[in-house]
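Spelled out from the first residue to the last, the chains are:
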Amino acid sequence: MFLLGANLIGAVIVGALVSVVVPGPNVLDLESYWWVNVIVIPAYVALAFIVGVVWGTTRAVRALRWAIEDREPTRQEQVNTLSMPWQLTRVQIFLWTVGLVLITTIDGIIDPQSIPKVAFTIGAGGTVVCAFSYLLSEFALRPAAARALEAGDPRRIRIAGVMGRSILSWILGTGVPVSGLMIIATFSFTRPYETTSDRMAIAILALGGITLVFGFFLTFLSGFATTAPIGNVRSGMAEVERGNLNVRLAVYDGTELGELQSGFNRMADKVRERETIRDLFGRHVGHEVAEAALLKSPELGGEERDIAVFFIDLIGSTEIASSRPPAEVVALLNRFFAVVVDEVDAHGGFINKFEGDAALAIFGAPGEIDDRCGSALSAARKISVRLREEVPECRAAVGVASGRAVAGNIGAKSRFEYTVIGDSVNEAARLSDLAKNVPGAVLASKITVEGAHSTEAENWKFGDSVTLRGRSEQTVLASPIPSQSPASPSAPPGRA
């Protein structure tokens, strides 16, 4: 309907221009032109409208049949869909051209002097109408264009460009009307006897008004066609900034702007893929280690750090594995480790490795923690309480130690892992073994308790001194005070 309306308005404007505005013979003279104006022109206009509707509708239905049938388009159907605005415009160009030749020829037979006037007016009017129809068709067919572009790479099926669209708008909104003014001015020099000052004023005012009105609408349509895809991309970028990585834009523009929309979608896909890999990487090695690896290229070797560690080991795991089905054992271990990981994360540490039914947690590497000893001790106490409440089917022994260790990447260039190596790690493992035989099943070294802030150290009491297996120096043991119930931290301990 919008194409019919545009052509109808164009026909009315052409009639007004040729009869009143453009200088030349009076083609409304009823004695000479009555049968042209009363019979030929109305008949051709009606016929052109019928032919245009039937022809254009047939082409559109044929090209968009894949959309009507709700299926994926072929490559040729994609191209036909994106070129449909131009195909519909060609139909109108053909009908306007036929009308120009027909009416100019008939008027020229009656009076050869009318040929320039009629030909210029119909040609200029038809050009502007066809341009409007092209831009309007692009807007109307955007839903179909979006589906067609989703099925293929728009970089390979581009029909038009932004520059071509801009030049077209300028030519039709400014170039054609201004050319008309120049032609009228030239006509006034060559045939001054047919051009009065009033006629010139009317022509200038009419063409100037057409320039303002049609130039504005053409510029508006062209500008909107350019800014809409850009706004679409900006909205998508804002969604990504807010953390929504599942955003996907509809690609509906066949120019470079469509490539921009498609490029955003490809970028979003890569970001989602990167975040998925990053999340999986963090789950496997710990998010702190993953962040450190992403910030700088990891290398073999490490650095000395003051750390606190705890080693937790399931008591009676051999009996559990032999008396339960494997699937049930795995489910139990997952519940057990869920409590351990939750508390370690809450206290600012990270699980360095899982070893069957045991785990090693590190506090103070790779990131600094203000109270690494206190965080490790608090996490150990809280885990002990939660396991009794949430996983009563199993018991676990925890050993907490601290000291100087080397933290870094161990292995080969092609395969390595982040870990800590030092006496404190061995001490924590030995304390865990010893804790299996004491009430509460949690032991720490005196040095670790003394290194904690007073708020956590007050929850521990010192006991006997023992020489742990594989060590020459004695270790003063510490255990939680039974009457003290650890409080869940509202936030991870501060990091330096």
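All values reported here derive from a predicted model rather than from experimental measurement.

With respect to the overall build of the chain
And step 1. Within the chain one finds 17 helices and 8 strands.
And step 2. For the chain, with 496 residues in total, the buried portion stands at 44%.
And step 3. If you take every contact in the chain between residues at least 6 apart in sequence, the share linking residues at least 24 apart comes to 72%.
And step 4. Taken as a whole, the chain presents about 25600 Å² of accessible surface, with 62% of it coming from carbon and sulfur.

Thoughts on the environment of Gly5
And step 1. Its location among the elements puts Gly5 in helix H1 (residues 2–21).
And step 2. The exposure class assigned to Gly5 is partly exposed, which follows from its relative accessible area of 28%.

So, the pairing of strand E2 (residues 350–355)
And step 1. In this structure, E2 lies alongside strand E3 (residues 358–363), joined through 5 bridges in antiparallel fashion. Looking at the pairing, Ile351 lines up with Ala361 of E3.
And step 2. Count of turn residues in the E2/E3 antiparallel hairpin: 2 residues, of which Gly356 carries a positive phi of about 70°.

Here's the deal with helix H13 (residues 326–346)
And step 1. The first and last C-alpha atoms of H13 sit 30 Å apart over 21 residues, in line with the 30 Å expected at 1.5 Å per residue.
And step 2. The set of residues buried in H13 consists of Val329, Leu332, Leu333, Phe336, Phe337, Val339, Val340, Glu343 and Val344. Seen along its axis, H13 keeps its buried residues to an arc of 145°; they face one direction.
And step 3. Positive phi appears at Gly348, one or two residues downstream of H13, with a value of about 85°.

Brief notes about the nonpolar core
The tendency in soluble globular proteins is for nonpolar side chains to be buried side by side.
And step 1. Phe310, Ile312, Phe336 and Phe363 are the most contacted members of the largest nonpolar core, which has 37 residues in total.
And step 2. Broken down by secondary-structure element, the contributors of at least two residues to this core are strand E1 (301–315), H13, E3, helix H14 (372–390), strand E4 (395–412) and strand E6 (442–445).
And step 3. Per-element tally for this core: the top contributor is H13, with 8 residues.
And step 4. Among the nonpolar cores identified, the runner-up in size contains 24 residues, and Val309, Ala405, Val425 and Leu443 belong to it.

Description of unusual backbone geometry
And step 1. Positive phi, normally seen in glycine, also occurs at Ala441, with a value near 55°.
And step 2. Along the chain, Ala441 turns up in the loop between helix H15 (423–435) and E6.

Here we look at a nonpolar patch on the surface
And step 1. A cluster of nonpolar side chains, Leu212, Val213, Phe216, Phe217, Phe220 and Phe224, forms an exposed patch at the surface whose accessible area comes to about 640 Å².
And step 2. Counting through the fold element by element, Phe216 comes out in helix H9 (residues 197–241).

A look at the packing of helix H5 (residues 84–110) against helix H6 (residues 115–140)
Two packed helices can be described by the angle between their axes and the distance between those axes.
And step 1. Axis separation between H5 and H6 bottoms out at 9 Å; the angle between their running directions is 165°. Viewed along their axes, H5 and H6 adopt a mutual orientation that is roughly antiparallel. Relative to H6, H5 is oriented so that their crossing is right-handed.
And step 2. Partitioned by chemical class, the residues of the contact of H5 with H6 number 14 nonpolar, 10 polar and 2 charged.

Digging into the packing of aromatic side chains
And step 1. This model, assessed by the stated rule, comprises 4 aromatic pairs.
And step 2. Taking the centre distance of 5.6 Å and the plane angle of 80° together, the rings of Trp55 and Phe94 count as edge-to-face. Of this pair, Trp55 sits in helix H2 (residues 30–63) while Phe94 is found in helix H5, placing the two residues 39 residues apart along the sequence.
And step 3. Since its relative accessible area comes to 44%, Phe94 is described here as partly exposed.
And step 4. Relative to Phe363, the ring of Phe310 has its centre 5.9 Å away and its plane inclined at 40°; by these criteria the two rings are tilted.

Things to note about the pattern of salt bridges
And step 1. Tallied over the entire structure, the rule returns 17 salt bridges.
And step 2. A salt bridge links Glu239 to Arg242; its shortest N-O distance comes to 2.4 Å.
And step 3. The salt bridge involving Glu393 is made with Arg335; its shortest N-O contact spans 2.7 Å. Of this pair, Glu393 sits in the loop between H14 and E4 while Arg335 sits in helix H13, placing them 58 residues apart in sequence.
And step 4. One salt-bridge network, held together by shared partners, links Glu304, Asp306, Arg372 and Arg404.

Section: the pairing of strand E7 (residues 460–467)
And step 1. Pairing between E7 and strand E8 (residues 474–480): 6 bridges, direction antiparallel. Along E8, the bridge assignment pairs Val466 with Thr475.
And step 2. Adjacent in sequence and paired antiparallel, E7 and E8 are bridged by 6 residues, among which Gly470 carries a positive phi angle near 85°.

Thoughts on the packing of helix H4 (residues 75–82) against H5
And step 1. The N-to-C vectors of H4 and H5 enclose an angle of 55°; their axes lie 4 Å apart at closest approach. Here H5 runs oblique to H4, going by the angle between their axes. Residues Asn80, Thr81 and Leu82 of H4 lie in contact with H5, whose contacting residues are Met84, Pro85 and Gln87.
And step 2. Its residues assigned to classes, the contact of H4 with H5 shows 3 nonpolar, 3 polar and no charged.

Section: the confidence of the model for the chain
And step 1. A residue-level look at the chain finds 82% of positions with pLDDT of 70 or above and a mean pLDDT of 78.
And step 2. Looking across the chain, the model is least confident in helix H11 (residues 287–295), with a mean pLDDT of 57, and most confident in E6, with 94.
And step 3. Confidence over residues 484–496 falls short of pLDDT 50; this stretch has 28 contacts with residues more than four positions distant or in other chains.

Quick notes on the side chain of Glu456
And step 1. Following the sequence through the fold, Glu456 ends up in helix H17 (residues 454–457).
And step 2. Its relative accessible area of 6% is what places Glu456 among the buried residues.
And step 3. Within the structure, Glu456 has its side chain in polar contact with the side chain of Arg381 (distance 2.8 Å).
And step 4. Excluding anything up to four places from it in sequence, Glu456 contacts Gly374, Leu377, Ser378 and Arg381.

About the thresholds
- Within each chain, residues carry numbers counting from 1 in the order of the written sequence.
- For this predicted model, a pLDDT threshold of at least 70 governs which residues receive local features, and a threshold of 80 or more governs which side-chain atom pairs are given and counted, while totals over whole chains, interfaces and linings are taken from all residues.
- For the side-chain quantities, the full set of heavy atoms in the structure was used; hydrogens and water were omitted.
- Each helix is a run of DSSP H or I of at least 4 residues and each strand a run of E of at least 2, with the numbering of both proceeding from the N terminus.
- Only protein chains enter the area calculation, which uses a 1.4 Å probe; residues under 20% of their type maximum are buried, those over 50% are exposed, and those in between are partly exposed.
- Here, residues are in contact when the closest pair of their heavy atoms is within 4.5 Å.
- Surface exposure here means Shrake-Rupley accessible area, sampled with a 1.4 Å probe, where a residue is shielded only by the protein chains that are shown.
- The rule for pairing is simple: two strands pair if DSSP sees at least two bridges between them.
- In this scheme, a helix's expected span is set at 1.5 Å multiplied by one less than its residue total.
- Read the arc as the range of directions from the helix axis to the C-beta atoms.
- Buried Ala, Val, Leu, Ile, Met, Phe, Trp, Tyr and Cys residues form a nonpolar core when they are joined through side-chain atoms within 4.5 Å.
- Only residues above 30% relative accessible area that lack a salt bridge enter a patch, with like-charged residues linked at up to 9 Å and the nonpolar side chains Val, Leu, Ile, Met, Phe, Trp and Tyr linked at up to 5 Å.
- By definition here, a salt bridge exists when the distance from a side-chain nitrogen of Lys or Arg to a carboxyl oxygen of Asp or Glu is within 4 Å.
- To get an axis, fit a line to the C-alpha atoms, keeping to the stretch in contact for a helix; angles then go from 0 to 180 degrees between the N-to-C directions.
- For classification purposes, angles smaller than 35 degrees are called roughly parallel, those larger than 145 roughly antiparallel, those between 65 and 115 roughly perpendicular, and all remaining angles oblique.
- Two helices that cross are described as forming a left-handed crossing if the nearer one is turned anticlockwise from the farther one by less than a right angle, and a right-handed crossing if clockwise.
- All amino acids are sorted into three groups, where Ala, Val, Leu, Ile, Met, Phe, Trp, Tyr, Cys and Pro are nonpolar, Asp, Glu, Lys and Arg are charged, and the leftover types, Gly among them, are polar.
- In this analysis, rings of Phe, Tyr and Trp, with Trp reduced to its six-membered ring, are considered paired at centre separations within 6.5 Å, and the interplanar angle assigns stacked below 30 degrees, edge-to-face beyond 60, and tilted for intermediate values.
- Think of pLDDT as the predictor's per-residue confidence, scored from 0 to 100.
- Think of a polar contact as two N or O atoms within 3.5 Å of one another; within protein, one of them needs to be a possible hydrogen donor and the other a possible acceptor, and neighboring residues in sequence only count if both atoms come from side chains.

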